[in-house]
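If you want the building blocks of each chain, they are given just below.
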Amino acid sequence: MQVKKISEHIWSLKTWMIITIHVWVVADEEGITLVDAGMPMMTKGIMKFIEQLNAGPLQRILLTHGHSDHVGAVKGILKKYEVPVYAHQIEIPYMEGEIIYPKRKKLENNLPKTLTKPLLEDGSNKLMKIGGLTPYFTPGHSPGHVVYYHDQDQVLLVGDLFTSKKGKLKPPMPAFTADMKQAVASASIVSHLKPKRLELCHGNTVFQPSDQLEEYIKSMDRKLGGQ
């Protein structure tokens, strides 16, 4: 597993399994937040890095969504660290096997029922800022997909909102995307936040992504126009 420090508070952990898979470790004054949990084979590497970082204990796991390649290390990590796991409330019944993901043929029991907590502030429907990260609802790739913005470092962790190639924004993988038109609409979050760098699960860093956004949306609208 390859480790790279991408900003003052964030490290990217990458492995390969046909395609690249990234997860992110975020440090703040309270300790460590893990964003996404990759595949089961990443479990030992993630835990080893957190221990070596010596930046405090693991405090929580945040999920961009519940597909199997984003939650794979959760169970193994929780055997050692009793920490909460968070995802968007819309996503939870899909990842827990209560509702079939769009375009899938069967239920996915990717995490045990009642394990994952909704990303909500107490007594409200507002997504809560947590571990130095602000979540934003970006449905399309999955029904409850979210991205996480680190305001201080100006880094946007986008999960599968995009892929990338040679520093260029590319769409999420169509075969695994529930609603591509909705995913393209959700891409406007980049224009709103204007991050300095965008980090993806499947692909490498995109710098100044807002500079590419207009052309990306126009290109995707042309491709999707007949659908």
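As a reminder, the structure under discussion sits directly above these lines.
Computed from a predicted model, the values in this text were never measured in an experiment.

A. Quick peek at the sheet that holds strand β2 (residues 10–17). Taken together, seven strands build an open sheet; the order of strands is β1-β2-β3-β4-β5-β6-β7 and the sheet is mixed. Across the chains shown, the open sheet's two edge strands, defined by having one partner strand only, are β1 (2–5) and β7 (116–118). Direction aside, the axes of adjacent strands within the sheet are offset by 30° on average. Relative to strand β5 (residues 58–62), strand β4 (residues 31–35) runs parallel, the two being bridged by four bridges. Bridge pairing in β5 places Leu-34 opposite Ile-61.

B. Spotlight on helix α1 (residues 43–53). When we look at burial in α1, the residues that qualify are Thr-43, Ile-46, Met-47, Phe-49, Ile-50 and Leu-53. Angular distribution of buried residues about the axis of α1 spans 160°; they occupy a single face of the element. Those residues of α1 that are exposed and aimed more than 90 degrees away from the buried face are Lys-44, Lys-48 and Gln-52. Against the buried residues of α1 lie β1, β2, β3 (19–28), β4, β5 and α3 (74–80).

C. Representation of the packing of aromatic side chains. One pass over the structure, following the stated rule, counts three aromatic pairs. When the centroid spacing of 5.3 Å and the interplanar angle of 25° are considered together, the rings of Tyr-94 and Tyr-101 count as stacked. Ring geometry for Phe-162 versus Tyr-216: centroids 5.2 Å apart, planes at 65°, classification edge-to-face. Remark: Tyr-216 occurs in helix α7 (residues 210–224) and Phe-162 occurs in the loop between β10 (155–157) and β11 (163–165); sequence separation between them is 54 residues. The same class applies to Phe-162 and to Tyr-216, which are both buried.

D. Spatial organisation of the side chain of Glu-108. Assignment of secondary structure puts Glu-108 in the loop between α4 (92–95) and β7. By relative accessible area, Glu-108 is classed as buried at 13%. A polar atom in the side chain of Glu-108 sits 2.2 Å from the side chain of Arg-104. Setting aside chain neighbours within four positions, we find Glu-108 in contact with Tyr-94, Met-95, Glu-96, Gly-97 and Tyr-101.

Conventions used here
- All residue numbers refer to position in the chain's written sequence, counted from 1.
- Restriction of local features to residues with pLDDT of at least 70 applies here, the model being predicted, together with a cutoff of 80 or more for giving and counting side-chain atom pairs; totals for whole chains, interfaces and linings are based on all residues.
- The side-chain figures draw on all heavy atoms in the structure; neither hydrogens nor water molecules are used.
- At least two bridges found by DSSP between two strands is the condition for calling them paired.
- Numbering of helices and strands starts at the N terminus; helices are DSSP runs of H or I of at least 4 residues and strands are runs of E of at least 2.
- Angles shown run from 0 to 180 degrees and are taken between the N-to-C directions of axes, each axis being a line fitted to C-alpha atoms and, for helices, limited to the stretch in contact.
- To sort residues, take the accessible area from a 1.4 Å probe on protein chains only and compare it with the maximum for the residue type: under 20% means buried, over 50% means exposed, and anything in between is partly exposed.
- The directions from the helix axis to the C-beta atoms form the arc being described.
- We call two residues in contact when some of their heavy atoms are within 4.5 Å.
- Between 30 and 60 degrees the pair is tilted, below 30 it is stacked and above 60 it is edge-to-face, where a pair is any two Phe, Tyr or Trp rings, Trp via its six-membered ring, whose centres lie within 6.5 Å.
- By the criterion applied in these results, polar contacts are pairs of N or O atoms within 3.5 Å in which, for protein atoms, one can donate a hydrogen and the other can accept it, and in which residues neighboring in sequence qualify only through two side-chain atoms.

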